[in-house]
Amino acid sequence: MLKTPSSTALAASGHAEGVSNDEFRAAMSRLAAGVVLVTAQEPPLDPDDPGAPAVESVGMTATAFMSVSLDPPLVLVSLREGSRMDDLLDEQPLWAVSVLAESQRHIAGRFAMKGRISDRLLFEDIACTRGEATGAPLVGGALATLECRTEQRVAAGDHTLVIGRVLTARVPSAEGGALLYFRGRYRQLG
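So, how was this worked out
The residue numbers shown here count from 1 along each chain, following its written sequence. Totals for whole chains, interfaces and linings use all residues, but because this is a predicted model, local features are given only for residues with pLDDT of at least 70 and pairs of side-chain atoms are given and counted only at 80 or more. In computing side-chain properties, one takes all heavy atoms of the structure into account and sets aside hydrogens as well as water. Helix and strand definitions here come from DSSP, where helices need a minimum of 4 consecutive H or I residues and strands a minimum of 2 consecutive E residues; each element is numbered from the N-terminal end. To sort residues, take the accessible area from a 1.4 Å probe on protein chains only and compare it with the maximum for the residue type: under 20% means buried, over 50% means exposed, and anything in between is partly exposed. In what follows, residue pairs with any heavy atoms lying within 4.5 Å of each other are defined as contacts. Exposure was quantified through the Shrake-Rupley algorithm and a 1.4 Å probe, taking into account, for residues, occlusion by the shown protein chains and nothing else. To pair, rings of Phe, Tyr and Trp, with the six-membered ring standing in for Trp, must have centres within 6.5 Å; the planes then decide the type, stacked if under 30 degrees apart, edge-to-face if over 60, and tilted in the middle. Joining through side-chain atoms within 4.5 Å is the link that ties buried Ala, Val, Leu, Ile, Met, Phe, Trp, Tyr and Cys residues into a set, and such a set is a nonpolar core. A pair of strands is treated as paired once DSSP finds two or more bridges between them. Axis definition: a line fit to C-alpha positions, over the contact stretch in the case of helices; interaxial angles, taken between N-to-C directions, run 0 to 180 degrees. Each patch is built from salt-bridge-free residues with over 30% relative accessible area, joining like charges within 9 Å and nonpolar side chains (Val, Leu, Ile, Met, Phe, Trp, Tyr) within 5 Å. The term salt bridge refers to a side-chain nitrogen of Lys or Arg lying within 4 Å of a carboxyl oxygen of Asp or Glu. Across the chain, each position has a pLDDT score giving the predictor's confidence in that residue, from 0 to 100. Think of a polar contact as two N or O atoms within 3.5 Å of one another; within protein, one of them needs to be a possible hydrogen donor and the other a possible acceptor, and neighboring residues in sequence only count if both atoms come from side chains.

- Looking up the protein in an unreviewed UniProt entry gives the name Flavin reductase family protein, with the organism given as Streptomyces sp. 900105245.

### Comments concerning the overall build of the protein
Thought 1: In terms of helices and strands, the protein carries five helices and 12 strands.
Thought 2: The 190 residues of the protein split such that 38% are buried.
Thought 3: In the protein, of all internal contacts separated by at least 6 residues, the share reaching a separation of at least 24 is 64%.
Thought 4: Element-wise, carbon and sulfur atoms account for 55% of the exposed surface of the protein, whose accessible area totals about 11,300 Å².

### Observations regarding the packing of aromatic side chains
Thought 1: Within this structure, the stated rule accounts for two aromatic pairs.
Thought 2: Ring centres 4.9 Å apart and planes at 55° place the aromatic pair F111 and F123 in the tilted group. Taken as a pair, F111 in helix α4 (residues 105-112) and F123 in helix α5 (residues 119-123) lie far apart in primary sequence, 12 residues in all. Like F123, F111 is buried.

### Examining the nonpolar core
The tendency in soluble globular proteins is for nonpolar side chains to be buried side by side.
Thought 1: In this structure, V38, V77, L79, M85, L89 and W95 are the most contacted members of the largest nonpolar core, which totals 18 residues.
Thought 2: Within the residue set of this core, elements represented by two or more residues are β2 (36-42), β3 (56-62), β5 (74-80), α3 (84-91), β6 (94-99), β9 (144-156) and β10 (159-170).

### Section: the sheet that holds β9
Thought 1: Strands sit in the order β3-β2-β6-β9-β10-β5-β4 across an open sheet of seven strands; the sheet is antiparallel. Bordering the open sheet on either side are β3 and β4 (65-69), each of which pairs with just one other strand. This sheet shows a mean twist of 35° between the axes of neighbouring strands, independent of strand direction.
Thought 2: Across four bridges, β4 lies against β5 in antiparallel orientation. For S67, the partnering residue across the bridge sits in β5 and is V75.
Thought 3: Sheet strands in contact with α3 are β2, β3, β5, β6, β9 and β10, and its direction is about 50° off that of β2.

### Observations regarding the sheet that holds strand β12 (residues 185-188)
Thought 1: With antiparallel pairing, the three strands of this open sheet are ordered in space as β1-β11-β12. Either end of the sheet is taken by a strand with one partner, and the two such strands are β1 (33-34) and β12.
Thought 2: Sitting on the sheet, α4 is in contact with β11 (179-182) and β12, with an inclination near 160° to β12.

### With respect to a nonpolar patch on the surface
Thought 1: Together, V19, F24, M28 and L31 line one region of the surface with nonpolar side chains, adding up to about 390 Å² of accessible area.
Thought 2: Mapped onto the elements of the fold, V19 is located in the loop between α1 (7-13) and α2 (21-28).
Thought 3: According to the relative accessible area criterion, V19 is partly exposed, its value standing at 38%.

### Some remarks on the confidence of the model for the protein
Thought 1: Chain-level pLDDT for the protein is 86 on average; 87% of the residues reach the 70-or-more range.
Thought 2: With pLDDT under 50 throughout, residues 7-11 is counted as low confidence; its partners more than four residues away or in other chains account for five contacts.

### Concerning unusual backbone geometry
Thought 1: Residue D71 is joined to P72 through a cis peptide bond whose omega torsion reads 5°.
Thought 2: Secondary-structure assignment places P72 in the loop between β4 and β5.
Thought 3: At R183, a position not held by glycine, the phi torsion is positive, near 50°.

### Topic: the side chain of Q41
Thought 1: Tracing the chain through its elements places Q41 in strand β2.
Thought 2: Among the residues examined, Q41 registers a relative accessible area of 19% and is labelled buried.
Thought 3: Within the local environment of Q41, its side chain forms a polar contact with the backbone oxygen of T134, the two atoms lying 3.3 Å apart.
Thought 4: Separated by 2.6 Å, the side chain of Q41 and the backbone oxygen of G135 make a polar contact.
Thought 5: Once residues lying within four places of it in the same chain are set aside, the contact partners of Q41 are V55, E56, L88, Q92, R130, T134, G135 and A136.

This is the structure we're talking about:
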């Protein structure tokens, strides 16, 4: 006979389904995920300043990224609702993804920091090129790069699932393994 949670257990967990945030986080930390850098361009923050750059590069580390479809080529990234990247991709549809190599742990950590410095400084010493289709930064040495155009945005709890059509896909580096995220830390294959 299956046991069902009591109403007291449900109330204590904070969720009607009976799973606490800590329990859910602990369970999901056992799922290894690849690490990517999602990038996009935003208009200048101060268009009246002649010394301001024409565009600002924005980046964020993500581990919730996956292939969705081959025909048409679609990918999905999960963004925290109300994050800078979520707000930016709600305004403009072009973005890019760099699949990080195990040697690029420092890039993943830099763009995952809470209360971090400006993105302009974060990109300053990272070798990047601008994507042909999006103008978004593509990280040098990445295992793969994709440029995307948003096809659909789906609200999902405290995140937004952004589904993008892949406009370009390149494999600039076949060297090294993928950077993984497992049990709350960056890891290497093998």
